[in-house]
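Commentary on secondary and tertiary structure
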Amino acid sequence: MEHYSGSQIVVLEGLEAVRKRPGMYIGSTGPRGLHHLIWEILDNGIDEHLAGYCTKINITLLKDGGIEICDNGRGVPVDIHPTKKIPTVRVVYTILHAGGKFDNTVYKVSGGLHGVGASVVNALSKRMIVEVRSDGKIYRDEYINGGHPVTKLENGLLPVVGKCNKSDTGTKVTFYPDDTIFETVEFKSEMIRKKLKEIAFLNKNLIINFTDEINGITKTYQEEFGIKSFVSYLTREMNTLHEEPIYLEGKSGDIEVEIAFQYTDSFNEQINAYCNRINVVDGGTLVTGFKTGLTRVLNQYARELNILKDKDENFDGKDIRNGIVAIVSIKHPDPQFEGQTKTKLGNTDAKSAVEDVFTSESQRWFDKNVEVLRSILDNSLKSFNARRASDKARVAVMKQLNDVDTRSKLASCTSKKPEECEIYIVEGDSAGGTVKTARNRRTQAVLPLRGKILNVEKASLEKILVNNEIKSMIASFGCGIGDEFDINKLRYNKIIILTDADVDGAHISTLLLTFFYRFMPELILEGKVYRGLPPLYRVEYETSVKGKKTKRSEYLFNDFELEKFRKIEGNKILNLQRYKGLGEMDAHQLWETTLNPETRILAQISISDTVEADEITTLLMSSNVPPRRGFIMEEAKYAKLDI
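Given the structure is predicted, the values throughout are model-derived calculations rather than measurements. (Residues numbered from 1 in each chain as written. Predicted model: local features only at pLDDT ≥ 70, side-chain atom pairs only at ≥ 80, totals over all residues. Heavy atoms only, no water.)

The subject of this paragraph is the overall build of the protein. Assigned secondary structure in the protein consists of 20 helices and 22 strands. Out of the 643 residues in the protein, the part that is buried amounts to 49%. For the protein, the proportion of contacts with a sequence separation of at least 24, taken over those separated by at least 6, is 68%. Total accessible area computed for the protein in this model is approximately 32000 Å², and 49% of it derives from carbon and sulfur atoms. (Helix = DSSP H or I, 4+ residues; strand = E, 2+ residues; numbered from the N terminus. Buried < 20%, exposed > 50% of the residue type's maximum accessible area, 1.4 Å probe, protein only. Contact = heavy atoms within 4.5 Å. Areas by Shrake-Rupley, 256 points an atom, 1.4 Å probe, with all protein chains shown as cover.)

Glancing now at empty space enclosed by the protein. On inspection of all chains with the given rule, the structure shows one cavity of 30 Å³ or more. Within this model, the largest cavity holds a volume of roughly 50 Å³. Around the largest cavity, the lining residues are Thr499, Asp500, Ala501, Pro534, Pro535, Tyr579, Lys580, Gly581, Leu582 and Met585. Residues of the lining of the largest cavity, tallied by class, amount to six nonpolar, two polar and two charged. (1 Å grid on protein atoms, 1.4 Å probe; cavity = no way out; pocket = protein on both sides within 12 Å on 5 of 7 lines; lining within 4 Å. Points joined across faces, edges and corners; volume = space filled by probe spheres on them. Nonpolar A, V, L, I, M, F, W, Y, C, P; charged D, E, K, R; others polar.)

Next up on the list: the environment of Asn455. Relative to the assigned elements, Asn455 resides in the loop between β16 (444-449) and α13 (461-464). With relative accessibility at 17%, the residue Asn455 sits in the buried group. In this structure the C-alpha to C-alpha distance between Asn455 and Thr510, which are 55 residues apart in sequence, comes to 9.2 Å.

A few words on the sheet that holds strand β19 (residues 537-545). Taken together, three strands build an open sheet; the order of strands is β20-β19-β21 and the sheet is antiparallel. Both outer strands of the open sheet, β20 (548-556) and β21 (572-578), are each paired with one neighbouring strand and no more. Neighbouring strand axes in the sheet, compared pairwise and without regard to direction, differ in orientation by 20° on average. Judged from the six bridges that link them, β19 and β21 form a sheet pairing that is antiparallel. (Pairing = 2+ DSSP bridges. Axes fitted to C-alpha atoms, helices over the stretch in contact; angles between N-to-C directions.)

Attention now moves to the packing of aromatic side chains. Counted under the stated rule, the structure contains 15 aromatic pairs. Ring geometry for Phe175 and Phe187: centres 6.4 Å apart, planes at 85°, overall edge-to-face. One end of the pair, Phe175, is in strand β7 (residues 170-177); the other, Phe187, is in the loop between β7 and α6 (189-202), with 12 residues separating them in the sequence. Accessibility assignment for this pair places Phe175 and Phe187 in one class, buried. (Phe/Tyr/Trp six-rings, centres within 6.5 Å; stacked < 30°, edge-to-face > 60°.)

With that out of the way, let us pick up unusual backbone geometry. Despite not being glycine, Lys85 has its phi angle at roughly 60°, a positive value. The topology assignment puts Lys85 in the loop between β2 (67-71) and α4 (88-94). The phi angle at Asn276 is positive, at roughly 50°, despite the residue not being glycine. By secondary structure assignment, the location of Asn276 is in the loop between β12 (270-275) and β13 (278-279).

Reading across from one edge, β10-β11-β14-β12-β13 is the order of the five strands in this open sheet, with mixed pairing throughout. Where the open sheet ends on each side, the last strands, each with one partner, are β10 (246-252) and β13. Both β12 and strand β14 (residues 324-331) contribute to a ladder of six bridges, which runs parallel. Residue pairing for β14: Ile271 is matched across the bridge by Ala326.

Right, let's talk about helix α3 (residues 31-50) for a bit. With 20 residues, α3 extends 28 Å between its outermost C-alpha atoms, agreeing within 8% with the 28 Å of an ideal straight helix rising 1.5 Å per residue. At Asp43, α3 shows its strongest bend, of approximately 30°. Most of α3 sits inside the fold, with 14 of its 20 residues counted as buried. Residue Gly52 follows α3 closely and has a positive phi angle near 95°. (Expected span 1.5 Å × (residues − 1). Bend = angle between axes of the 7 residues up to and from the residue.)

A few words now on the pattern of salt bridges. Per the stated rule, a full pass over the model turns up 22 salt bridges. Linking Glu142 and Arg140 is a salt bridge whose minimum nitrogen-to-oxygen distance equals 3.1 Å. Residue classification places Glu142 among the buried positions, given a relative accessible area of 14%. Among the ionic pairs, Glu186 bridges to Lys188, the shortest N-O distance being 3.7 Å. Exposure remark for Lys188: the relative accessible area of 41% places this residue in the partly exposed category. (Salt bridge = Lys/Arg side-chain N within 4 Å of Asp/Glu carboxyl O.)

Tracing the chain through its elements places Ile425 in strand β15 (residues 422-427). In the structure, Ile425 is positioned 71 residues away from Ile496 in sequence and 6.1 Å away in space, judged by C-alpha atoms. Excluding residues that lie within four positions of it along the chain, Ile425 makes contacts with Leu447, Leu449, Met473, Phe477, Ile495, Ile496, Ile497, Leu498, Leu512 and Phe516.

To continue, consider the side chain of Asp212. Summarising the element assignment, Asp212 is placed in strand β8 (residues 207-212). The charged side chain of Asp212 is buried without a salt bridge, its nearest counter-charge being Arg193 at 5.7 Å. There is a polar contact of 3.0 Å between the side chain of Asp212 and the backbone nitrogen of Ile214. (Lys, Arg positive; Asp, Glu negative; His and termini not counted. Polar contact = N/O pair within 3.5 Å; in protein donor to acceptor, adjacent residues only side chain to side chain.)

Pasting the structure below:
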């Protein structure tokens, strides 16, 4: 056995850990991770706004590729830190887990609780400049190559580089991402602007000025009505049942609650939850409180207005939420998120706070707006009647699931342990046959689909449940659908969509993801859904090794890899094969490139922004044509056509 000792344990000092494993701190080194740097710095100014000190933030995309973010908050402290014996501002930007958000003495409410944001951005930048305006003076500190200070201290303090009015306070941070860490260091103006609009909705009356020096764009974001305007924005292309969103606000203990919602003629519900401005994708206790209060209050009114008779059963929660678009936003002094990704809130007091505020404030509102109340209850009644019809269909379908003809479609795996099993969903019998031959029969199941499944965005549950391909998937997965869905009964740890690399394949993948997102969202939220990425090319080439010519072959997964391969000196391409479909590969090739867990590439489907996910799904898959046409016209210039 090889000797294993303490000398083999590597200790990364300072910010080196961040540079070594950036994905642990910002998610990825791609465009999403790059732009996350902006949000981390921006969060500091927004926390100042939540504390009542910051009214304006200026963000500038500089011509030289840097980003400048300037707020008019109190300014990061510049005095000497009592334990580190260096300026506090340098502590904040160079030491992990240093900040004013670990107790509620500085910030009663904060989104960034871990104290790593500013220092992580510094660690991943080749240059950062921090300027603090405080007490009529401007202090400056500069760092290079991942957070190494280059500014000389004067008597232990940062040098004063200018003067300002005593009332002019705040912090300005300019940084340049490190191109040796990120796949690209080119910021996208459109991505920044979209995020700033959402931030403005969530931070009522905060002024955000954006300047893009590269493209000559200036834009100011300020939302006087906050999340009420947010709901109007989300429903702008929908048919709404009442003209204005309903807005409620209140406080329960130390928890501030804001709720805005509007009903549409859609079959779906869209509830987006935020705690201290963080989008909690999986919802949690604050969403539970909203649903509970909404169901109880509207059932009470339905009986008072004689819409429900004494003999009638109550409206189900889904009847009442049918077509709703809602934002639930709370400010909590001590939020407890489940998991590092902060996708679900666990505080039990958040449930009671939201429920209490909704119950008291909604009754005041509905008592003054009875016509709107009636339109909502009429919508619930229609949903109630439709549900009873679809319940009959669902019961009939669920009874038939054991008899669904999956035996001629589904090629099961022999293992009965869900944690080691996976199912491939493929298009057509041709590809299905190849995958069945190539797979590991013990752990890999295959379900071929015949044609395209129903677009569930345009259909009722009753129609969805009689679609043969959807019935086959429900039967194969084993975890049910709708109210009967139980992810603990899922027979596979991975559901892998494997379609051809063409327009039809992309469309089938989109239809499947729409179905999962609308009717089995837990599959995506729990990380069970993947997209298989088969190679696009197989290249046979001749290369020279130590003066001897050798023939080899290699798989390339996209056009970028092909262009990169062409530029390699000494390689002579003998044959280039482009795979239009999975059926063009033999079983050995398919196993080697796409099915073998040791060598394959899988893309996990995840949701980082529920608002964006709902908006894009509705835009691309609903019956409303004009917005989709506008999107296609706008995005056509970026499309890659395979003709």
